[in-house]
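This is what each chain is made of:
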Amino acid sequence: MCGIVAYVGHRQACPVILKGLKRLEYRGYDSAGIALLNGNGLNIYKKKGRVIELEEHLKQTDITSTIGIGHTRWATHGEPNDQNAHPHFSSDRKLAIIHNGIIENYASLKQDLVNKGHKFLSETDSEVFIHFIEDIQRNNHCDLEEAVRLALTKVVGAYAIVIMSVDEPNSLIAARKGSPLVIGLGKNEFFLASDATPIIEYTNEVVYINDHEIVVIKDNLLKIKNIQDVAMTPYIQTLDMELEAIEKGGYEHFMLKEIFEQPKSIKDCFRGRLNAAKGSLVLGGIREYANKIVNADRIIIIACGTSWHAGLVAEYIFEEFCRIPVEVEYASEFRYRNPVINEGDVVIAISQSGETADTLAAIELAKSKGAIIFGVCNVVGSSIARASHEGAYTHAGPEIGVASTKAFTAQLTVLTMISLIVARKRGTITDTKYHEMLYALESIPEKVEEALKLNDQIKYIAELFKDKRNFLYLGRGYNFPVALEGALKLKEISYIHAEGYPAAEMKHGPIALIDEEMPVVFIATKDSSYEKVVSNIQEVRARKGVVIAVVTEGDKVIPAMAEFVIEVPATNEALMPMVSVIPLQLLSYHIAVMRGCNVDQPRNLAKSVTVE
Ligand code: G6P
């Protein structure tokens, strides 16, 4: 939530920052702004709306400056408007700040500052933050670096900040706690951003900043220290990311590109890990703690959003193959529930971004109670990846569309691999079944490729249903979480109300909604609950509901009952979610496009939810 970009070096900062902000727009896009040292000093330009509107606004402006900070916002304190957009000035307009996160004690800080005569132009906690720093500097007669450090010892909350000062024209000061921050190291130039995507076209050498660290870039030198004023040694990493991975590559939207990338992203996920012909399956990340999972009394899965749905599928997989009880928890509930965590419990945290605040907090809580944390993340070097004891990356490549697609199927790939490794070690899977599963997993990219060929058919169905106001998604067993995911995709990007339910639960409530106006999407592939789902379809038909059914190729029964049938290739029941979700992703995509919605940046949402 909120994207920050800053630059200092020999280039013009403004184009670098604007381009970077566009790459970070998935993090927030209700307003954008930039601060530059140009003309007669430190100037801030900001605008409600997207980065493109800021760009327009800057057209007649002298943007010459080799230092600058920029921000794209997802509102927390104060509505999205020009005043609340970042950057914010200190009261003497000598300092400017960009901030991602929330300062929880901002109200009391603000009251003190108001009593001292400070006037605020916005409703944000971030403006309070920079006034607070200014006040500390004034009272302590210290330099800016020390004032920032002292302020950080007093603020409560989460932040990634970058500050520039009119008095220090070659210097940027940054810090993080709870919100991501990465520094790109160029030749006599530095790039700061919320993630590496604005950086990789300039340099692949980066330093990920840790919580409670302060960064000072001054006269071409980078210095990192902690909040106790102890110098830290920067750990320089080389990024392994291609520029084309973060561009649309001819697709109209990132979401469509990412849906179509799935055969490749699933393959990338098991590449070097799975070889069915050799019967080998290795996950580097579960070496040291493998026995902990193998001997676990219970697995607790914590996640949010789509990652939580992947966790629900994993519950079925782990229980079936490993015979270990599994609980799947919303991270936001888990963290405030005083949960019972025992020594033999293993926590699996799933997160595409690796930055979701609730998931991160739930991890810290579980860790404090002695649990082992296994992270399943997509973003390399992310906070959750680093907070976990061990883990496995999904290697799906950058996911930019706000609605998660390829991350989901990659998460399922990793979770299936973990469960098979554990099941084998526990002796809860037969040799035959194990090898059958390896082959089945290896062939999933082809099945997904087949399912993607349904695109035109799905577009046709989308056209017929795009004006509906409600949808119901029903599935059982492994396809129940797919029903939840299908409904989530539709509401996220098309703003149509949609609910996912276990098909059998329909008669305990949702059936009351069914009439000729209600499209019901059944995920009804041939599996152990197939016959039961067929009965549920009959129940919907009897009440004149309109049935769209995702079925297994060659099904003869459901086509005779459903108005619309989408045939996906057969695979093992436990792996079907990776295939059956594809038509649902495409359906929501096409409906949203036809309704004129901004598919990649749906209203009110953000890709990376770094506030609770
Ligand atoms: C946001 C995104 C969702 C995502 C969820 C969890 O709500 O819009 O697409 O599923 O966060 O994010 P994570 O990065 O932890 O998987």
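Above this text is the structure in question.
Novice: Could you clarify how one ought to interpret the pattern of salt bridges in this entry?
Specialist: Where charged atoms from two side chains of opposite charge come close, those side chains can pair. By the definition in use, this model includes 35 salt bridges. Three or more residues are tied together by salt bridges with common partners; here these are E145, E146, R149, K223, K225 and D229.

Novice: Would you mind going over empty space enclosed by the protein with me for this structure?
Specialist: Evaluation of the coordinates by the stated rule reveals one cavity of 30 Å³ or more. Taken as a whole, the largest cavity encloses approximately 90 Å³ of empty space. Lining the largest cavity we find 15 residues, and of these C2, W74, T76, H86 and G101 sit closest to its centre. Elements with a minimum of two residues in the lining of the largest cavity: β6 (95–103) and α4 (125–140). Its residues assigned to classes, the lining of the largest cavity comprises five nonpolar, eight polar and two charged.

Novice: Help me understand the packing of aromatic side chains, please; the structure alone is not making it clear to me.
Specialist: Two aromatic rings are characterised by how far apart their centres lie and by the angle between their planes. Inspection of the entire model under this criterion finds nine aromatic pairs. Ring centres of Y7 and F191 lie 5.1 Å apart, and the angle between their planes is 55°; on these two criteria the pair is classed as tilted. With Y7 in strand β1 (residues 3–8) and F191 in strand β10 (residues 190–193), this pair connects stretches of sequence that are 184 residues apart. For F191, a relative accessible area of 3% gives the class buried. Members of the aromatic cluster, connected to one another through ring pairs, are F465, F471, Y473 and F564. Residue placement shows R424 over the ring face of Y434; its charged tip is 4.2 Å from the ring centre. The ring of Y495 has R603 lying over it, and the distance from NZ or CZ to the ring centre is 3.9 Å.

Novice: Would you mind going over the site of the ligand with me for this structure?
Specialist: The full set close to the ligand counts 14 residues, and S307, S351, Q352, S353 and T356 are the nearest of them. Take Q352: an N or O atom from its main chain is 2.7 Å from an oxygen atom of the ligand. Here an oxygen atom of the ligand and a backbone polar atom of A606 are 3.0 Å apart. In isolation the ligand exposes 390 Å². Once the protein is present, 91% of that is buried.

Novice: Even after reading the chapter, I still don't get the sheet that holds strand β20 (residues 345–351), so can you show me in this structure?
Specialist: By way of backbone hydrogen bonds, the strands of a sheet pair with one another, either parallel or antiparallel. The strand order across the open sheet built from five strands is β19-β18-β20-β21-β22, with neighbouring strands paired in parallel fashion. The open sheet is flanked by β19 (326–330) and β22 (390–393), the only strands paired with a single partner. Across the sheet, the axes of successive neighbouring strands diverge by a mean angle of 20°, strand direction being ignored. Direction of pairing for strand β18 (residues 298–303) relative to β19: parallel, over a ladder of five bridges. Bridge pairing in β19 places I302 opposite E329.

Novice: Before we go on, may I ask you to explain the sheet that holds strand β26 (residues 546–552) in this structure?
Specialist: Spatial strand order, β24-β23-β25-β26-β27: five strands in an open sheet with parallel pairing. Lying at the two open borders of the sheet, with one neighbouring strand each, are β24 (497–502) and β27 (564–568). Direction aside, the axes of adjacent strands within the sheet are offset by 20° on average. Both β26 and β27 contribute to a ladder of five bridges, which runs parallel. Along β27, the bridge assignment pairs T552 with V568.

Novice: Looking at this structure, I do not really get the environment of H253. What am I missing?
Specialist: Topologically, H253 is positioned in the loop between β15 (236–238) and α6 (254–260). The spacing of H253 and V593 is 340 residues in sequence and 9.6 Å in space, taken between C-alpha atoms. What H253 contacts, discounting residues up to four positions off in sequence, is K248, Y589, V593, V599 and D600. One polar contact links H253 to Y589, side chain to side chain, over a distance of 2.7 Å.

Novice: Quick question: what am I supposed to make of the packing of helix α16 (residues 455–465) against helix α19 (residues 576–594) here?
Specialist: Any two packed helices are characterised by how steeply their axes cross, that is the angle between the axes, and by the distance between the axes. Following both chains from N to C, one finds α16 and α19 inclined at 50°, their axes separated by 9 Å at the closest point. On the basis of the axis angle, α16 is oblique to α19. As α16 packs across α19, the resulting crossing turns out to be right-handed. Of the residues in α19, those touching α16 at N455, I458, K459, I461, A462 and E463 are P583, L586, L587, H590, I591 and M594. Along the lines of polarity and charge, the residues of the contact of α16 with α19 split into eight nonpolar, two polar and two charged.

Novice: Looking at this structure, I do not really get the state of the cysteines. What am I missing?
Specialist: By definition, a disulfide links the sulfur atoms of two cysteine residues through a covalent bond. In the structure shown here, the tally under the stated rule is zero disulfides. Looking at C14, it has no disulfide partner, and the nearest cysteine sulfur is the one in C2, 19 Å off. Owing to a relative accessible area of 0%, C14 belongs among the buried residues under this scheme. Cysteine C322 remains unbridged, with the sulfur of C269 as its closest cysteine sulfur at 17 Å. Judged by relative accessible area, which is 0%, C322 ranks as buried.

Reading the values: rules and limits
- Residues numbered from 1 in each chain as written.
- Predicted model: local features only at pLDDT ≥ 70, side-chain atom pairs only at ≥ 80, totals over all residues.
- Heavy atoms only, no water.
- Salt bridge = Lys/Arg side-chain N within 4 Å of Asp/Glu carboxyl O.
- 1 Å grid on protein atoms, 1.4 Å probe; cavity = no way out; pocket = protein on both sides within 12 Å on 5 of 7 lines; lining within 4 Å.
- Points joined across faces, edges and corners; volume = space filled by probe spheres on them.
- Helix = DSSP H or I, 4+ residues; strand = E, 2+ residues; numbered from the N terminus.
- Nonpolar A, V, L, I, M, F, W, Y, C, P; charged D, E, K, R; others polar.
- Phe/Tyr/Trp six-rings, centres within 6.5 Å; stacked < 30°, edge-to-face > 60°.
- Buried < 20%, exposed > 50% of the residue type's maximum accessible area, 1.4 Å probe, protein only.
- Lys NZ or Arg CZ within 6 Å of the ring centre and 35° of its normal.
- Near = heavy atom within 4 Å.
- Polar contact = N/O pair within 3.5 Å; in protein donor to acceptor, adjacent residues only side chain to side chain.
- Areas by Shrake-Rupley, 256 points an atom, 1.4 Å probe, with all protein chains shown as cover.
- Pairing = 2+ DSSP bridges.
- Axes fitted to C-alpha atoms, helices over the stretch in contact; angles between N-to-C directions.
- Contact = heavy atoms within 4.5 Å.
- Parallel < 35°, antiparallel > 145°, perpendicular 65-115°, else oblique.
- Left-handed = near helix turned anticlockwise from the far one by under 90°.
- Disulfide = S-S within 2.5 Å.

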